[in-house]
Amino acid sequence: MLGWILYKSDHTLVKQEIYEIERLVSQASAHGIDIKVYTPEAFDLTVTRDDRNSVMIDGEPTPLPDFFLPRMGAGTNYFALAVIRHLERLGVHSFNSAESIDTVKDKLYSHQILAQNGLPVPKTMLVKFPVNPDLVKRQIGFPVVVKTLSGSQGSGVFLCETLNHFEDLMQMVELTNPKANIILQEFIADSRGRDLRVIVIGGRAIACMERVAEEGSFKANFSRGASVREFPMTPEVEWLAIETARVLGLEIAGVDLLFAGDHYKVCEANSSPGFEGVESCCDVDVVNEIYNFLRIRLGNFK
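Residues numbered from 1 in each chain as written. Predicted model: local features only at pLDDT ≥ 70, side-chain atom pairs only at ≥ 80, totals over all residues. Heavy atoms only, no water.

**Student:** Provide a residue-level description of the overall build of the protein chain, including the pertinent values.
**Tutor:** Of regular secondary structure, the protein chain possesses nine helices and 16 strands. For the protein chain, buried positions account for 51% of its 302 residues. (Helix = DSSP H or I, 4+ residues; strand = E, 2+ residues; numbered from the N terminus. Buried < 20%, exposed > 50% of the residue type's maximum accessible area, 1.4 Å probe, protein only.)

Have a look at this one:
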């Protein structure tokens, strides 16, 4: 079975991302999979009736794989999405689909879908300039979390503790990039500096870990130095994670949950979750779970 991984250029990789790619490549042969890793820049696409010859890699027509594994997450740009869509149109199954990747890239849109389906999410507002601070104070209050519409590993996320801090940040954003797409989210005090990451594969929640931020930080990302530990997979945690992945159309997902009293709220979902942290504290082999699932999904039981 032949599979392709779509990934970033080498110079954009960080240590945590290299871990996932190396694990996916090193374990592929044990599952009877020949895996190749390509960057979006390697592809040339031609829209033609002769579909099977419409994909070229480094300028040469290339036999199509049995499956496609995009691993760019929030960094998936228009060209990468075009590659995924083209391969899907040719009958190649993508784990995840272009539609689901595009959906979760947009944090406002994904929250709209989650809220529409009755899932608990932090109260969220879309910023428009000039910002009305009094409206923000009435609707959300302070502290408030400020996010770019697309981002990962804690990038593009800020906590404004006070109204003055918020006004200063908004003035700077408006002066430097008045067309910036910014959302504001309710700050969940119970989850300051900690959250849960649940890995969902094929409709199964296979692992849950708690992430605790370094002292002085409110961002509980493993890539930013947060400590991690296994967390009990309660029925509520399991249901929220599985349902979040389902309504967003994700076959492989990392679902982040916030502590909210005795319950939880859905922070966001990731279409290409890192799993070094999960594997370091939970008794789970995420790559083995991924490959077992996609073989079953594709009807390859050998």
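**Student:** Requested: an account of the confidence of the model for the protein chain, with residues and values cited.
**Tutor:** Looking at the protein chain as a whole, the pLDDT averages 89, with 89% of positions reaching at least 70. Within the protein chain, no element has a lower average pLDDT than helix α1 (residues 15–28), which sits at 86, and none a higher one than helix α7 (residues 235–247), at 98. (pLDDT = per-residue confidence, 0-100.)

**Student:** Before we move on, could you go through the pattern of salt bridges and cite the residues and values that matter?
**Tutor:** If the charged atoms of two oppositely charged side chains come close together, the side chains can form a pair. Overall, the coordinates contain 15 salt bridges when judged by the stated rule. Arg 23 is paired through a salt bridge with Asp 285; the nearest N and O atoms lie 3.1 Å apart. Of this pair, Arg 23 sits in helix α1 while Asp 285 sits in the loop between α8 (276–281) and α9 (286–297), placing them 262 residues apart in sequence. Its relative accessible area of 16% is what places Arg 23 among the buried residues. In this structure, Lys 36 engages Asp 34 in a salt bridge whose closest nitrogen and oxygen atoms are separated by 3.8 Å. The class for Lys 36 is partly exposed, based on a relative accessible area of 36%. Residue Asp 34 is classed as partly exposed on the basis of its relative accessible area of 39%. Among the charged side chains, a salt-bridge network with shared partners connects Asp 195, Arg 197, Arg 211 and Asp 256. (Salt bridge = Lys/Arg side-chain N within 4 Å of Asp/Glu carboxyl O.)

**Student:** Break down the packing of aromatic side chains for me, citing the residues and quoting the values.
**Tutor:** Each aromatic ring pair is described using two quantities: the centre-to-centre distance and the angle formed by the ring planes. Tallied over the full model, the rule gives 10 aromatic pairs. With centroids separated by 5.8 Å and ring planes inclined at 80 degrees, the aromatic side chains of Phe 95 and Phe 293 adopt a geometry described as edge-to-face. In this pair, Phe 95 is assigned in the loop between β7 (93–94) and α3 (98–105) and Phe 293 in helix α9, connecting sequence segments 198 residues apart. Taken together, the aromatic side chains of Trp 4, Tyr 38, Phe 43 and Phe 68 make up a single cluster linked through ring pairs. Taking the ring centre of Phe 259 as reference, the NZ or CZ of Arg 194 above it sits at 3.8 Å. (Phe/Tyr/Trp six-rings, centres within 6.5 Å; stacked < 30°, edge-to-face > 60°. Lys NZ or Arg CZ within 6 Å of the ring centre and 35° of its normal.)

**Student:** If you had to explain the nonpolar core to someone new, which residues and values would you point to?
**Tutor:** Core analysis: the largest hydrophobic core is formed by 26 residues, its most contacted members being Phe 67, Val 278, Val 286, Ile 290 and Tyr 291. Not counting the four nearest positions on each side in its chain, Ile 290 is found in contact with Leu 24, Ile 201, Ile 252 and Phe 275. In terms of nonpolar packing, the next biggest core, distinct from the first, is built from 25 residues, Leu 119, Cys 208, Leu 248 and Ala 269 among them. (Core = buried A, V, L, I, M, F, W, Y, C linked by side-chain atoms within 4.5 Å. Contact = heavy atoms within 4.5 Å.)

**Student:** Let's hear about the packing of helix α2 (residues 78–89) against α3: which residues, and what values?
**Tutor:** Close contact between α2 and α3 brings their axes to 9 Å; oriented N to C, the two are set at 150 degrees. Considered as vectors, α2 and α3 are oriented roughly antiparallel to each other. Two secondary-structure elements touch here, α2 through Leu 81, Ile 84, Arg 85 and Glu 88 and α3 through Ala 98, Ile 101 and Asp 102. A breakdown of the residues in the contact of α2 with α3 according to their chemical character gives four nonpolar, no polar and three charged. (Axes fitted to C-alpha atoms, helices over the stretch in contact; angles between N-to-C directions. Parallel < 35°, antiparallel > 145°, perpendicular 65-115°, else oblique. Nonpolar A, V, L, I, M, F, W, Y, C, P; charged D, E, K, R; others polar.)

**Student:** Talk me through the sheet that holds strand β16 (residues 263–270); I want residue IDs and the actual numbers.
**Tutor:** On the basis of which strands lie adjacent, the open sheet formed by five strands has the order β14-β13-β12-β15-β16 and antiparallel pairing. Of all the strands in the sheet, just β14 (227–230) and β16 have a single pairing partner and so form its edges. Taking each pair of neighbouring strands and ignoring which way they run, the sheet shows an average axis angle of 30 degrees. Of the pairings in the sheet, the one linking strand β13 (residues 204–212) to β14 comprises four bridges and is antiparallel in character. For Met 209, the partnering residue across the bridge sits in β14 and is Glu 230. Here α9 sits on the sheet in contact with β12 (194–201), β13 and β15 (252–260), set at roughly 35 degrees to β12. (Pairing = 2+ DSSP bridges.)

**Student:** Can you lay out the sheet that holds strand β9 (residues 144–148) for me, pointing to particular residues and giving the numbers?
**Tutor:** Within a sheet, adjacent strands bond to each other through the backbone by hydrogen bonds, running parallel or antiparallel. The four strands are arranged β8-β11-β9-β10 in an open sheet whose pairing can be described as antiparallel. Each edge of the open sheet is held by one strand with a lone partner, namely β8 (124–126) and β10 (157–160). Strand-to-strand twist of the sheet, defined as the mean angle between neighbouring strand axes without regard to direction, takes the value 25 degrees. Bridging between β9 and strand β11 (residues 182–186) involves five bridges; their strand directions are antiparallel. Across the sheet, the residue bridging to Lys 147 is Ile 183, located in β11. Contacts from helix α6 (residues 163–176) reach β9, β10 and β11 within the one sheet, and its direction differs from that of β10 by about 140 degrees.

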